[in-house]
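Report on the structure
One letter stands for each residue in the lines below.
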Amino acid sequence: MRHAAIVVAALLSIFLTGQAHAEFTVCNQTLDVVNLAVGQKVEDADQTDGWWTIGANQCVNVIREELTNRYIYIYATDVFGHAILNGSTEMCIDRRRFSIRGIDECWQRGHIAARFVEVDTLEQVRWTYFLTGNSP
């Protein structure tokens, strides 16, 4: 019986400490559904990932580990594929779900170039970004 209690305690400990904490969360405070792509440094290379669909007045955890990058980049579109943020950092996206290493020569590599917004997390390990009707 004692062995079973130890196993249960160990599993509970793993479950409680292993739960994903929202480290970079995007909350959609608009009235529309948005599609989101995220860019960040991964192992010293720029990488973009997408897509997350975020309903109106909902939040999605897009990076589940503690943040190690001060700058995170986001690109959001409406359901028609029109950009809803005016970013200045060009990175690569794709039409379908993607994970793309590198941000140079998007078109030449068969991807789409998009302008991401730079989010300064102020070197915090957790950050929430709020998409509003007048996001930058």
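Residues numbered from 1 in each chain as written. Predicted model: local features only at pLDDT ≥ 70, side-chain atom pairs only at ≥ 80, totals over all residues. Heavy atoms only, no water.

1. Things to note about the overall build of the chain
Within the chain one finds 1 helix and 9 strands. Across the chain, helices and strands are ordered from the amino to the carboxyl terminus as α-β-β-β-β-β-β-β-β-β. Going through the 136 residues of the chain one by one, you find that 38% of them count as buried. Relative to all contacts within the chain whose residues are 6 or more apart in sequence, the contacts with residues 24 or more apart total 66%. (Helix = DSSP H or I, 4+ residues; strand = E, 2+ residues; numbered from the N terminus. Buried < 20%, exposed > 50% of the residue type's maximum accessible area, 1.4 Å probe, protein only. Contact = heavy atoms within 4.5 Å.)

2. Concerning the confidence of the model for the chain
Chain-level statistics for the chain give a pLDDT mean of 86 and a share of 82% at 70 or above. Counting contacts from residues 1-20, a segment whose pLDDT is below 50, to residues more than four positions away or on other chains yields 2 contacts. (pLDDT = per-residue confidence, 0-100.)

3. A closer look at the state of the cysteines
For the structure shown, the criterion picks out 2 disulfides. Sulfur-sulfur distance for the disulfide between Cys 27 and Cys 59 comes to 2.0 Å. Since a negative S-S torsion denotes a left-handed disulfide, the Cys 27-Cys 59 link at about 110 degrees is right-handed. Here Cys 27 is found in strand E1 (residues 24-28), whereas its partner Cys 59 is found in strand E4 (residues 58-63), with 32 residues between them in sequence. (Disulfide = S-S within 2.5 Å.)

4. Here we look at the pattern of salt bridges
Under the counting rule described, the total for this entry stands at 5 salt bridges. Its salt-bridge partner being Arg 126, residue Glu 66 comes within 3.8 Å of it at the nearest N-O pair. One end of the pair, Glu 66, is in the loop between E4 and strand E5 (71-77); the other, Arg 126, is in the loop between strand E8 (112-120) and strand E9 (127-131), with 60 residues separating them in the sequence. Taking the relative accessible area as the measure of exposure, Glu 66 reaches 47% and is therefore partly exposed. (Salt bridge = Lys/Arg side-chain N within 4 Å of Asp/Glu carboxyl O.)

5. Some remarks on the sheet that holds E1
A sheet is described by the order of its strands in space; here 3 strands give the open sequence E4-E1-E9, paired in mixed fashion. Taken across any chain shown, the strands that pair with only one partner, and hence form the sheet edges, are E4 and E9. Taken over all neighbouring pairs, the strand axes of this sheet differ in orientation by 25 degrees on average, direction set aside. Across 5 bridges, E1 lies against E4 in antiparallel orientation. Counted as the bridge partner of Phe 24 is Ile 63 from E4. (Pairing = 2+ DSSP bridges. Axes fitted to C-alpha atoms, helices over the stretch in contact; angles between N-to-C directions.)

6. A few points about the sheet that holds E5
Strand order in the open sheet formed by 6 strands is E6-E8-E5-E2-E3-E7, and the pairing between neighbours is antiparallel. Each having just a single partner strand, strand E6 (89-93) and strand E7 (98-101) make up the two edges of the open sheet. Taking each pair of neighbouring strands and ignoring which way they run, the sheet shows an average axis angle of 35 degrees. Pairing analysis gives 4 bridges linking E5 to E8, with the strands arranged antiparallel. Bridge pairing in E8 places Ile 74 opposite Val 117.

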